[in-house]
Amino acid sequence: MVESTSPRWLVLDGYEDEPAAFGVPPYVGFHIRYLCGVLEQAKIEYDYVTIDQWRDFIRVEGEDAASARLSNVSGVACIAGAVVPGRYLRGTPISLKETRNIIRQLPAQVPAIFGGWAIRGWRQQGWNPLRSNLFLAVQDTDATLSNFLKSGQWKHCRRTAEEWTLWAQSGASSKAVTQHPDLGDEEKRGPLTYEVEVYQGCVRYKRGCKFCIEPKKGIPIWRTPEDVIEEVRLAHESGVEHVRLGGMTDTYTYMADGVQELEYPIPNPEPIAQLLHGLREDERLGILHTDNGNPSIIAEHLEPSEEITKTLVETLSDGAVLSFGLESADPNVHQANWLNCDAKQLKSAISLINKHGRGRGARGLPNLLPGLNFIAGLNGESSASYDLNLNLLHEIRNEGLLLRRINIRQVEGEGFQDISQKDFNSFKSSVRDNIDGPLLQELFPLGEKLCDVHWETHDGRTRLAAHQTEAHTSKDCHGKAGISFGRQIGAYPILIGVEYHIPLETQSDIIVTGHGARSITGVEINLNHTSVSQKQLEAIPGIGEKTAWKLVSQRAKNIRKNSQSGAYQNPQQWFDATNVDWNDDFAVFFE
Ligand code: SF4
């Protein structure tokens, strides 16, 4: 973590995490970049620190050092994104306890601004810290900070369109990007994925889904393709490779026609094509993924939607997911909550995406598939709602249609109803066992090659500070005992486990060898028969522990005996010499 000697602002990235605003590493969120953009524009010195770097700092240097560090800042600006941080692989959003600690340690005169959804959520739950010069932003944190820097007054503010462009573009070259720990360098590229905000709001702003906050934002405001492309160009200049288009409640209604007049505005294929092709023209762009889709809009306007779908398949990287919010298949729930789409519209949209998107791309993944979101706890729900949900999922599967992911979320509290936990749990386990399991096997079949898996953790599904040390990143650990977990870059990647250590923060290709509940197992390809370890051999289906040991012992003996002539010419010769039956299926794993 960069430590300043003279006082500067501290920008603390507490990670936002919304369906349309990814910001947990390897993503860098847009709101934190806008904050840095404000400081860049005001020519104010600052340090960018992620909450994980802050935790490491406290772990290594102690709480006193953290207090000393905070007593030497000109101000603090923080985005806190998750009300209840869940389980994450690579980074964990700031918690309320951590936020409280930072505020407590900060000298009284130092100005501090905290924004993001977690701040609103914690306030609603009664959190009300009393401290002078502390501001909890409920509108645009960046605009509020900018106003403070100009006037010395705290006041809730909204950014103008001009400020949006200005701060987005300066944010693209800010320290939130250039000093992001996941950026990497020329020699070793990191997995950083740049979440770019394309628009705000939802076309259903007049009468949107009752549980959703998007309609409250009013008529959608779009950024032009040129504006977004220019921001991403600047991000590329700062070393960014991978991009996700975020902030889109519906990819298909970006700059749609009839937003003010029509219940189902008409998708406009031109601007989204201009945006996507414009981004692709820059050869520095690696993975490109997008945000949600609105199935009712797609179903009501199949022709322009088909054109957009083709553009998406042409320009996005494989593994792209369009999340569809059905929320419930029950017409009663649909009506009571002014939901967005019904089962018929959903099936029509899913068919269209499957028609064009189910083919596999360069990394071995289906090009573009829908994801499906359900919400439990909406008004009007009953036991029958779960049966309707399940029936619909079976219908979708019986028609041979693919879904990349099914997300089931339970909502509680004011405005929602209590649900039968028994019904909910039984729905969830039916989906996991009867729908998700077979889907996983179809999406990631045994023997399929998946490319560019980025290895992130060893022996557990959470990245630890130790994982960044030589013991876990150097090539010497390759093939040692343990488990490696990794993901391909992009939105909603599948978790891949391999039963030996692979140097972390490297990438390699694997062959799928097994399926878990929500993850898969694999073994790398291109293993070298002269150096492959016992654990690597054991991970290959059909080679057990004993056989792997025999092979490794035989190879060692052979090297001792024939130091001049060297090792076996090829793996098959090695297997034959060890009296182990060679199976042609083994060939795919070796160089
Ligand atoms: S379609 Fe419904 S859930 Fe989706 S953004 Fe609009 S109002 Fe919210």
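This report concerns the structure included in the present document.

For the protein chain, the helix and strand inventory stands at 20 helices and 21 strands. Taking the principal axes of its C-alpha atoms as reference, the protein chain extends roughly 80 × 60 × 50 Å. Taken across its 591 residues, the protein chain has 56% of its residues classed as buried. Long-range pairs, those at least 24 residues apart, make up 74% of the contacts in the protein chain between residues at least 6 apart in sequence. A total of about 25100 Å² of accessible surface is found on the protein chain, and carbon and sulfur atoms cover 47% of it. Separation between the mean location of the 60 positive side-chain charges and that of the 77 negative ones in the protein chain comes to 4 Å.

This next bit is on the site of the ligand. The immediate surroundings of the ligand are formed by Cys202, Arg204, Gly208, Cys209, Phe211, Cys212, Glu214, Pro215, Thr249 and Asn340. Among the residues forming the shell around the ligand, the class breakdown is five nonpolar, three polar and two charged.

Counted according to the given criterion, the structure contains 19 aromatic pairs. A ring pair is formed by tryptophan 54 and phenylalanine 57, whose centres lie 5.7 Å apart and whose planes are at 40 degrees; its orientation type is tilted. Taken together, the residues span about one helical turn, with tryptophan 54 and phenylalanine 57 both in helix α2 (residues 51-61) at a distance of three residues. The same class applies to tryptophan 54 as to phenylalanine 57, namely buried. Between tyrosine 199 and tryptophan 222, the ring centres sit 4.7 Å apart and the planes meet at 75 degrees, which makes this aromatic pair edge-to-face. Of this pair, tyrosine 199 sits in strand β10 (residues 199-200) while tryptophan 222 sits in strand β11 (residues 221-222), placing them 23 residues apart in sequence. Judged by relative accessible area, which is 24%, tryptophan 222 ranks as partly exposed. Joined through ring pairs, the aromatic side chains of Trp574, Phe575, Trp582, Phe586 and Phe590 make up one cluster. Above the plane of the ring of tryptophan 164 lies arginine 223, whose end atom (NZ or CZ) is 5.7 Å from the centre.

Bringing helix α16 (residues 421-443) into the picture now. A maximum bend of about 35 degrees is found in α16 at aspartate 436, where proline proline 438 lies one to four positions downstream. Listed in full, the buried residues belonging to α16 are Phe424, Phe427, Ser430, Val431, Ile435, Asp436, Leu439, Leu440 and Leu443. Contacts made by the buried residues of α16 are with β15 (368-376), α15 (383-398), β16 (405-410), β20 (507-515) and β21 (519-524).

Once that is clear, we can look at the sheet that holds β15. Within a beta sheet, neighbouring strands are joined by backbone hydrogen bonds and run either parallel or antiparallel to one another. Spatial ordering of the open sheet is given by β14-β15-β16, a layout of three strands whose pairing is parallel. Each edge of the sheet is formed by a strand with only one pairing partner; in this case those strands are β14 (320-327) and β16. Neighbouring strand axes in the sheet, compared pairwise and without regard to direction, differ in orientation by 25 degrees on average. Judged from the six bridges that link them, β15 and β16 form a sheet pairing that is parallel. Following the sheet pairing, asparagine 373 is matched in β16 by asparagine 407. Contacts from helix α14 (residues 343-357) reach β14 and β15 within the one sheet, and its direction differs from that of β15 by about 155 degrees. Where α15 meets the sheet, it contacts β14, β15 and β16, and its direction lies at approximately 170 degrees from that of β15.

Attention now moves to the sheet that holds strand β1 (residues 8-14). Read across the sheet, five strands follow the order β5-β1-β6-β7-β8 without closing on themselves; strand pairing throughout is parallel. Lying at the two open borders of the sheet, with one neighbouring strand each, are β5 (46-50) and β8 (134-136). On average, adjacent strands in this sheet sit at an angle of 15 degrees to one another, irrespective of strand direction. As paired elements, β1 and strand β6 (residues 73-80) share seven bridges and run parallel to each other.

Moving on, we get to helix α12 (residues 302-315). An ideal rise of 1.5 Å per residue puts 20 Å on 14 residues; α12 measures up with 20 Å between its terminal C-alpha atoms. Residues of α12 that are buried make contact with α10 (269-280), β13 (288-289), α11 (295-300), β14, α14 and β15.

A few words now on the pattern of salt bridges. Counted according to the given criterion, the structure contains 34 salt bridges. A salt bridge links glutamate 395 to lysine 347; the nearest nitrogen and oxygen atoms lie 2.7 Å apart. Of this pair, glutamate 395 sits in helix α15 while lysine 347 sits in helix α14, and the two are 48 residues apart along the sequence. What makes glutamate 395 partly exposed here is its relative accessible area of 36%.

Among the nonpolar cores identified, the biggest contains 122 residues, and Leu245 and Phe590 are the most heavily contacted of them. Residue contacts for leucine 245: discarding those within four places in its chain leaves Val196, Val198, Leu275, Leu276, Leu279, Leu288, His289, Thr290 and Asp291. The next biggest cluster of nonpolar side chains, apart from the first, holds 30 residues, and it includes Tyr15, Val49, Leu96 and Ala118.

With an omega dihedral of 15 degrees, the bond running from proline 25 to proline 26 counts as a cis peptide bond. Take proline 26: it is sitting in the loop between β3 (21-22) and β4 (27-28). The backbone phi angle of asparagine 133 is positive, close to 65 degrees, even though this residue is not glycine. Here asparagine 133 is to be found in the loop between α5 (117-124) and β8. Assessed through its relative accessible area of 26%, asparagine 133 is described here as partly exposed. Despite not being glycine, tryptophan 338 has its phi angle at roughly 55 degrees, a positive value. For tryptophan 338, a relative accessible area of 30% corresponds to the partly exposed category.

Further remarks concern the packing of helix α7 (residues 161-172) against helix α9 (residues 225-237). Across the interface, α7 lies against α9 with an axial gap of 7 Å and an inter-helix angle of 20 degrees. The angle between the axes of α7 and α9 places the two elements in the roughly parallel class. Crossing hand, α7 versus α9: right-handed. Note on element contacts: α9 touches α7 through Asp227, Glu230, Glu231, Leu234 and Ala235, opposite Thr165, Ala168, Gln169 and Ala172. When its residues are assigned to classes, the contact of α7 with α9 shows four nonpolar, two polar and three charged.

Definitions and cut-offs
Residues numbered from 1 in each chain as written. Predicted model: local features only at pLDDT ≥ 70, side-chain atom pairs only at ≥ 80, totals over all residues. Heavy atoms only, no water. Helix = DSSP H or I, 4+ residues; strand = E, 2+ residues; numbered from the N terminus. Buried < 20%, exposed > 50% of the residue type's maximum accessible area, 1.4 Å probe, protein only. Contact = heavy atoms within 4.5 Å. Areas by Shrake-Rupley, 256 points an atom, 1.4 Å probe, with all protein chains shown as cover. Lys, Arg positive; Asp, Glu negative; His and termini not counted. Charge placed at Lys NZ, Arg CZ, Asp CG, Glu CD. Near = heavy atom within 4 Å. Nonpolar A, V, L, I, M, F, W, Y, C, P; charged D, E, K, R; others polar. Phe/Tyr/Trp six-rings, centres within 6.5 Å; stacked < 30°, edge-to-face > 60°. Lys NZ or Arg CZ within 6 Å of the ring centre and 35° of its normal. Bend = angle between axes of the 7 residues up to and from the residue. Pairing = 2+ DSSP bridges. Axes fitted to C-alpha atoms, helices over the stretch in contact; angles between N-to-C directions. Expected span 1.5 Å × (residues − 1). Salt bridge = Lys/Arg side-chain N within 4 Å of Asp/Glu carboxyl O. Core = buried A, V, L, I, M, F, W, Y, C linked by side-chain atoms within 4.5 Å. Parallel < 35°, antiparallel > 145°, perpendicular 65-115°, else oblique. Left-handed = near helix turned anticlockwise from the far one by under 90°.

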